[in-house]
Amino acid sequence: MRKPRAGTSGAGTAKEGLLARGAGAAALLGAAALLATSVPAAQAAPPAQTPAADVVPGTGTQTPALVDGLHESADAKAAPADAARGHLAAKESRYRIADPGRDLTPVQTLRQGADETVRLQQKYHGVEVLGGQYVVRMEKQDGKRVVTGTSGKYFTALTTSTTATVAEDVAVRRAVSSVAARVGGATLGKKDIQRAEGAKSAAGAALTGTSGGLVVIPRGAGVLTYRVTVRGTEANTGRPVLQDVYVDAHAGFPVLQYSRIKTLTAPKPATGTTAHQAVRGPARTQANDNPGTTGTGVKYSGDKVPLNIYFDASAKQYNLVDYARMAATSKNTLHTWDARAVDVGDASGQWPSGLKEFTNAGPDYSGDATAAGAVDAHWAAGQVYDYYKNVHGRDSLDGRGMGIDSLVGVTLFGGPYVNAFWDGQKMVYGSGDEQYKTLSADLDVVGHEMTHGVVENTANLVYAGQSGALNEALADYFGNAIDVTVSGTKMDDPDSGLIGENLCRTAKPRDCAFRDLNDGRTTSKDYLGVSFATDNGGVHLNSTIFSGALWDIRQDLDPKDPLLADRLVYKALSTYMTPLDGYTEARNAILAAAKDLKLSGRQQNIVKRSFNAHGIVPGWENAIGVDSDQLFGKLNTTGTGTAAGGGWWATSKSNDDGTEPYSIWAGKADGTGSAKLISPNDGRFHVYPATDGKSVVWAAFGTSSLDILSRPIAGGPIKKLYTSTTNVQNLRVENGTVVFESFDPFGGRHVGFLKPGDREPTWVDGGKYQLGTALPSLRHGTVAYAKLYPVGDDYKIGVETYDIATGATRLAQQLGEPQAIGQTGITGKNVFWLADENPADQGQMAVRRSTLAGTGTVDLSPEAGPGALIPFDLTASDDAVTVNTLLPDTRYRNETLPKLWQFSADGTRKERVSCNRGEQLYPSSAGGRKVVWLDGTTGFTDLVTRDRPAGTCS
């Protein structure tokens, strides 16, 4: 719940860019570099031969998204998957799948009575297609089998080559570098010493990458990528890292990355199953022939509840191990583990060493087991298992009796950890703090995390953007449905929709609940366009729009039998939804499931009305307004930045469907004239631009190295200035001199510059592999940057200026003892920077200013006190300094998203640059009070501007 340092987005660094939008799959992958929001793309032409069935056309494909109302014979003797593929082959004119036997591989068959649901994974020339999953629904009885419907995504427009030209080890290195920049690139601090020292040995590396092989991202003709899983911990915060990064296999640029850790609440800025690493669990108590016994436990609430436990005769003790529930099926167990000595970084994606079962001398648990949250976790896991078994006929999370493990009480560096998550194999519950109990102490939280396991083993909704918001919405819905069912809470209770309200130690339930399914949020008023760097593209931010609609359905569908709504939503999840579904597809899936369950016309209208009330209707994405002026729209890029200078702007852009590698464009900051293409379309990704109004410089990612290139805005040849085998970012240019930041193989960061005619850079810190300088700015021949330097046996962090003509350096006066420095800015009068003197706070940093001589240092915005900000980027002119910042708040909402605040250079004025409700990133001063930035409000990645701030936006 605490807001960690905003280390996800540094000025000019590889911050995750805002994504383009598109219905469903396009919401994640479509025309932009993989969006966190969505807007419908052009509909594909309908099949040439219209079948006598209800058909919903697919988007960007000739294969229908949904076919309903079928009753067509299928091979009754074949295996279900073979019968399903045989149907698709026989109806090629409808589905446009040329060879289902070759291009669709079985993922799962779900049988419920006479119903069979077959999930098939698309392969393109033998390579997995991300999110390409098609579902065939059949009935088999009395020796006959019929197909009743199909749904999902099969991408017919793929033509990309499946031969990689980037080496796999290069892709892994670039994936790790990209994640490192996202989680720590916004500051330079003393934590970087530990990270760099650790990186010098494989055993000590903070982040490691493992390739999962080739995957095609289905944008347009397709993008061939390596899927690299990056694991480790954030150096600055200690939070666990488990991210999938997709690196273009033809150019080597990371085009998509998102976290696979499915948390209860959104970790503030700082999951498919196929990429899971095999992980061994801890040694389990052996059950021999004893199916277990029963005992009791006292929950946090004081209620005594029955528990299935196990008596270990050899140790003469009782363990929180439930052998009874799955004794008749898989013989697996529900285990509750004591993780109070485990750091959260060691619990994500792996089994931490030293785990022990909760034991007791007798069968009745209380005291320590109660305070640890173990009783609640064990009891609640059983309740969730029973709900899915009794209501939906599902045996455990995977439907096949998998074991259920709960790790209770993990900490963050030995301190409080207020979150919970499912990591693909187990539930992990944080220790809580002075406000929150252990996170397992509320049944809806346990139901939420276990439902992530159910989702992963059914529709497997990709945990990013709209599909990720659906993942969270379904986890909230079922978690809360289980809670109110077990507790007997009435659906018309105003607190029935609260998530986590029973975790409060002292506050009222509504004051500390994580979310409210009755919050009334709608797409038109509340949807927030954000990047994958923020909450995985808004998976928590935007979830209650959809879960609220589902909760309305539960309230109204059948007041006497709320479980009818649960069966409806589960039917849609298990037999209709597929990995890249967005809001509109999920609405269609639930409406189709309502017909399948033979709900009445009145009940189907209730379902439609609930979605309509929350604005979940076709084309909902088009009703979002802004207060800024667009300079360049629909960039369809991610993590590339923008720049302004000399009356011009520069940015990266892809093509309309996001399949082309990025090109650099430039235009006038006043919006007049037409944009100019600056870079070549040569198959490389051209990113991180900078301009002074005379020329543009940028980095071009190639198969094994990257080049710094330059070209005059007026036209002329492109010049290669420097070639690097490691990453470079934070480019700046002035009168032909180029400044940039380089990353060495050991995690060190170094600022260098190239004067006109130089073939090799001059490093301001004296040479590579010396820790460390970063986050440069350039004005009038002087470079400002953050500097980490040794003083005796310790290190200090400060801001230094470097005169390029003379080599003279000056350290700016500090007001205290900074532990980290953020982005710098330099003008003709002052140096500005972000300073952090208290890493233990919520991430606040001071906005600081000194003279060019390094004297007269003052804070324009203090690190502590009312109005303190959590800034992570900065840009300056002689008249104003603009910071990209969050607000110190424990919960995400519009006001706490990354926004732009502007201060007058003398600090007397503080205003919001824009009142747009989406995410605002990559600000760049265009002179005076004018700023350009990338804005995600509309769901597209748009380059926008304002001539002056908008005010307080209150």
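Our subject is the structure that appears above.
First, a word on scope: everything that follows refers to the structure included in this document. Because the structure is a prediction, the values reported are computed rather than measured.

**Focus on the side chain of lysine 930**
You can see lysine 930 is positioned in the loop between strand 52 (920-925) and strand 53 (931-935). Engagement of the side chain of lysine 930 in a polar contact is seen with the side chain of threonine 945, the distance being 3.5 Å. Excluding anything up to four places from it in sequence, lysine 930 contacts Ala669, Asp670, Ser924, Ser925, Thr945, Arg946 and Asp947.

**A look at the packing of aromatic side chains**
What the rule picks out here adds up to 26 aromatic pairs. Taken together, the ring pairs in this structure connect Tyr387, Tyr388, Tyr477, Phe478, Trp551 and Tyr570 into an aromatic cluster. The positively charged end of lysine 262 is found above the aromatic ring belonging to tyrosine 463, 5.5 Å away from the centroid.

**Some words on the sheet that holds strand 44 (residues 820-826)**
Here five strands make up an open sheet; going across it, the order is 8-44-45-46-47 and the pairing antiparallel. Every interior strand has two partners, whereas the edge strands, strand 8 (188-189) and strand 47 (858-861), have only one. In the sheet, strand 44 pairs with strand 45 (residues 830-836) via five bridges, with the strands oriented antiparallel. Bridging across to strand 45, isoleucine 821 finds its partner in alanine 835.

**Comments concerning the environment of aspartate 405**
Take aspartate 405: it is sitting in strand 22 (residues 404-410). For aspartate 405, a relative accessible area of 4% puts it in the buried group. Remark: the alpha-carbon pair of aspartate 405 and glutamine 425, spanning 20 residues in sequence, is separated by 7.9 Å. Polar contacts involving the side chain of aspartate 405 include one to the side chain of tryptophan 337, which spans 2.9 Å.

**Regarding the state of the cysteines**
Counted under the stated rule, the structure contains two disulfides. There is a disulfide in this structure between cysteine 504 and cysteine 512, and the S-S distance comes to 1.8 Å. Its torsion about the S-S bond being -100°, the disulfide of cysteine 504 and cysteine 512 is classed as left-handed. Cysteine 512 shares its class with cysteine 504; the two are buried. Listing the disulfide partners of the chain by sequence rank of the bonded cysteines yields 1-2, 3-4.

**Some details on the environment of proline 363**
Mapped onto the fold, proline 363 is located in the loop between strand 20 (359-360) and strand 21 (364-365). Here the alpha-carbon distance between proline 363 and threonine 293, two residues 70 residues apart in the chain, equals 8.6 Å. With residues near it in sequence (within four places) discarded, proline 363 still touches Thr294, Gly295, Thr296, Ile309 and Tyr318.

**Quick word on the environment of arginine 174**
Along the chain, arginine 174 falls in helix 5 (residues 168-184). Given a relative accessible area of 12%, arginine 174 falls into the buried group. Sequence spacing of arginine 174 and valine 228 is 54 residues, and the spatial spacing of their C-alpha atoms is 9.5 Å. From its side chain, arginine 174 meets the backbone oxygen of serine 705 in a polar contact 3.3 Å long.

**Some words on the packing of helix 9 (residues 374-392) against helix 16 (residues 563-575)**
For the pair helix 9 and helix 16, interaxial distance at closest approach is 11 Å and the crossing angle is 90°. Judged on the interaxial angle alone, helix 16 and helix 9 are roughly perpendicular. Contacts from Tyr387, Tyr388, Val391 and His392 of helix 9 reach helix 16 at Leu563, Asp566, Arg567 and Tyr570. Across the contact of helix 9 with helix 16, the residue classes tally to five nonpolar, one polar and two charged.

**Topic: the sheet that holds strand 28 (residues 642-645)**
On the basis of which strands lie adjacent, the open sheet formed by four strands has the order 28-29-30-31 and antiparallel pairing. Each having just a single partner strand, strand 28 and strand 31 (676-677) make up the two edges of the open sheet.

**Some points on the pattern of salt bridges**
Inspection of every chain in the model, using the stated rule, returns 32 salt bridges. We note a salt bridge from aspartate 244 to arginine 260, for which the minimum N-O separation is 3.1 Å. Taken together, the residues span a long stretch of sequence, with aspartate 244 in strand 11 (residues 240-248) and arginine 260 in the loop between strand 12 (254-259) and strand 13 (262-263) at a distance of 16 residues. Under the relative-accessibility criterion, aspartate 244 is labelled buried at 2%.

**A word on the pairing of strand 41 (residues 782-791)**
Taken across its ten residues, strand 41 has seven buried, putting it largely inside the fold. Here strand 40 (residues 773-779) runs beside strand 41; their pairing, made up of five bridges, is antiparallel. Across the sheet, the residue bridging to alanine 774 is alanine 786, located in strand 41. What sits between strand 40 and strand 41 in their antiparallel hairpin is a turn of two residues, with histidine 780 showing a positive phi close to 50°. In this structure, strand 41 lies alongside strand 42 (residues 794-803), joined through ten bridges in antiparallel fashion. Looking at strand 42, one finds that alanine 786 is bridged to valine 799.

**Remarks on helix 17 (residues 583-596)**
In this model, helix 17 (14 residues) spans 20 Å end to end at C-alpha, consistent with the 20 Å of a helix rising 1.5 Å per residue. Taking burial as the measure, the 14 residues of helix 17 include eleven buried ones, the bulk of the element. Within the span of helix 17, buried status applies to Tyr583, Thr584, Glu585, Ala586, Arg587, Ala589, Ile590, Leu591, Ala592, Ala593 and Ala594.

**Structural notes on the packing of helix 15 (residues 543-556) against helix 17**
The packing of two helices is summarised by the inter-axis angle and the distance between the axes. The N-to-C vectors of helix 15 and helix 17 enclose an angle of 15°; their axes lie 12 Å apart at closest approach. Classified by the angle their axes make, helix 15 and helix 17 are roughly parallel. Where helix 15 crosses over helix 17, the handedness of that crossing is right-handed. Every residue of helix 17 that contacts helix 15 at Ser543, Ile545, Phe546 and Leu550 is listed here: Tyr583, Ala586, Arg587 and Ile590. In terms of residue class, the contact of helix 15 with helix 17 is made up of six nonpolar, one polar and one charged.

Rules of the game
Residues numbered from 1 in each chain as written. Predicted model: local features only at pLDDT ≥ 70, side-chain atom pairs only at ≥ 80, totals over all residues. Heavy atoms only, no water. Helix = DSSP H or I, 4+ residues; strand = E, 2+ residues; numbered from the N terminus. Polar contact = N/O pair within 3.5 Å; in protein donor to acceptor, adjacent residues only side chain to side chain. Contact = heavy atoms within 4.5 Å. Phe/Tyr/Trp six-rings, centres within 6.5 Å; stacked < 30°, edge-to-face > 60°. Lys NZ or Arg CZ within 6 Å of the ring centre and 35° of its normal. Pairing = 2+ DSSP bridges. Buried < 20%, exposed > 50% of the residue type's maximum accessible area, 1.4 Å probe, protein only. Disulfide = S-S within 2.5 Å. Axes fitted to C-alpha atoms, helices over the stretch in contact; angles between N-to-C directions. Parallel < 35°, antiparallel > 145°, perpendicular 65-115°, else oblique. Nonpolar A, V, L, I, M, F, W, Y, C, P; charged D, E, K, R; others polar. Salt bridge = Lys/Arg side-chain N within 4 Å of Asp/Glu carboxyl O. Expected span 1.5 Å × (residues − 1). Left-handed = near helix turned anticlockwise from the far one by under 90°.

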